[in-house]
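Examining the three-dimensional arrangement
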Amino acid sequence: MIDVPRSLVLIAVMAVVTAFTRFLPFMAFPEGRKKPKVITYLGKVLPYAVIGMLVVYCFKGASVLEYPYCLPELLAAALVVALHVWRRNTLLSVFGGVIFYMILVQLVFR
């Protein structure tokens with residue numbers, strides 16, 4: 001049986017913590033103040049590092065020695081690159097690649 005008051009308290013705590021983590025950067029670095037150089041550097045470097053981690057994560061379990069010979073991963077990666085070159089939209093590229101990959105592994109390369 002669900003304990004409603006406990007569930008509501010848990011949801012409220014999660015909402016407050018989530019809001020706090022969202023607002024913390026704005027409180028720590030207000031609009032008029034200059035940001036530290038390390039924060040500016042991380043803002044430039046981290047997006048590329050995350051994309052690199054996603055590429056490694058994508059190919060870590062792929063096997064070129066057994067069926068489907070890494071084809072879904074390679075085709076999805078090629079689509080991601082093509083979509084990004086075409087539209088320069090990271091969300092479109094990532095979501096398009098994920099959807100295409102899932103279609104390939106669920107329907108094509110069973």
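Let me sum up the structure you'll find in this document. (Residues numbered from 1 in each chain as written. Predicted model: local features only at pLDDT ≥ 70, side-chain atom pairs only at ≥ 80, totals over all residues. Heavy atoms only, no water.)

This brings us to helix α1 (residues 4-28). Between its first and last C-alpha atoms α1 spans 36 Å; for 25 residues at 1.5 Å apiece the expected length is 36 Å, and the two agree. Considering bend angle alone, the principal kink of α1 is centred on Arg22 and spans about 35 degrees; proline Pro25 follows within four residues of it. (Helix = DSSP H or I, 4+ residues; strand = E, 2+ residues; numbered from the N terminus. Expected span 1.5 Å × (residues − 1). Bend = angle between axes of the 7 residues up to and from the residue.)

Its place among the elements puts Glu73 in helix α3 (residues 71-87). In this structure, Glu73 is in contact with Cys58, Phe59, Ala62 and Tyr101, ignoring residues within four places of it in sequence. (Contact = heavy atoms within 4.5 Å.)

On the surface, a cluster of nonpolar side chains totalling about 630 Å² of accessible area is made up of Ile2, Val4, Leu8, Leu10, Ile11 and Met14. Among the secondary structure elements, Ile2 is positioned in the segment before α1. (Patch = residues over 30% accessible without salt bridge, like charges linked within 9 Å, V, L, I, M, F, W, Y side chains within 5 Å. Areas by Shrake-Rupley, 256 points an atom, 1.4 Å probe, with all protein chains shown as cover. Salt bridge = Lys/Arg side-chain N within 4 Å of Asp/Glu carboxyl O.)

In this section: helix α2 (residues 37-59). Here α2 is 23 residues long and its end C-alpha atoms lie 34 Å apart, about the 33 Å a rise of 1.5 Å per residue gives. The sharpest bend along α2 comes to roughly 35 degrees, located at Val45, with the proline Pro47 sitting one to four residues further on.

Applying the stated criterion across every chain yields a total of two aromatic pairs. Here the aromatic rings of Tyr67 and Tyr69 are separated by 6.2 Å at their centres, their planes lie at 90 degrees, and the arrangement is edge-to-face. Sitting over the ring of Trp86, Arg87 keeps its end group 5.0 Å from the ring centre. (Phe/Tyr/Trp six-rings, centres within 6.5 Å; stacked < 30°, edge-to-face > 60°. Lys NZ or Arg CZ within 6 Å of the ring centre and 35° of its normal.)

The interhelical angle for the contact between α3 and helix α4 (residues 90-108), taken along N-to-C directions, is 155 degrees, at an axis separation of 8 Å. By the angle between their directions, the pair α3 and α4 is classed as roughly antiparallel. When you trace α3 past α4, the crossing you get is right-handed. Here α3 contributes Pro72, Glu73, Leu75, Ala76, Leu79, Val80, Leu83, His84 and Arg87 to the contact with α4, which in turn contributes Thr90, Leu92, Ser93, Gly96, Gly97, Phe100, Tyr101, Leu104 and Val105. Taken together, the residues that form the contact of α3 with α4 break down as 11 nonpolar, five polar and two charged. (Axes fitted to C-alpha atoms, helices over the stretch in contact; angles between N-to-C directions. Parallel < 35°, antiparallel > 145°, perpendicular 65-115°, else oblique. Left-handed = near helix turned anticlockwise from the far one by under 90°. Nonpolar A, V, L, I, M, F, W, Y, C, P; charged D, E, K, R; others polar.)

The next subject is the environment of Ile39. On the secondary structure map, Ile39 appears in helix α2. Sequence separation between Ile39 and Phe29 is 10 residues, and the spatial gap between their C-alpha atoms is 9.7 Å.

Turning next to the side chain of Ser93. Relative to the helices and strands, Ser93 resides in helix α4. For Ser93, a relative accessible area of 2% corresponds to the buried category. At a separation of 3.2 Å, a polar atom in the side chain of Ser93 contacts the main-chain amide nitrogen of His84. Setting aside its immediate chain neighbours within four residues, Ser93 contacts Val80, Leu83 and His84. (Buried < 20%, exposed > 50% of the residue type's maximum accessible area, 1.4 Å probe, protein only. Polar contact = N/O pair within 3.5 Å; in protein donor to acceptor, adjacent residues only side chain to side chain.)

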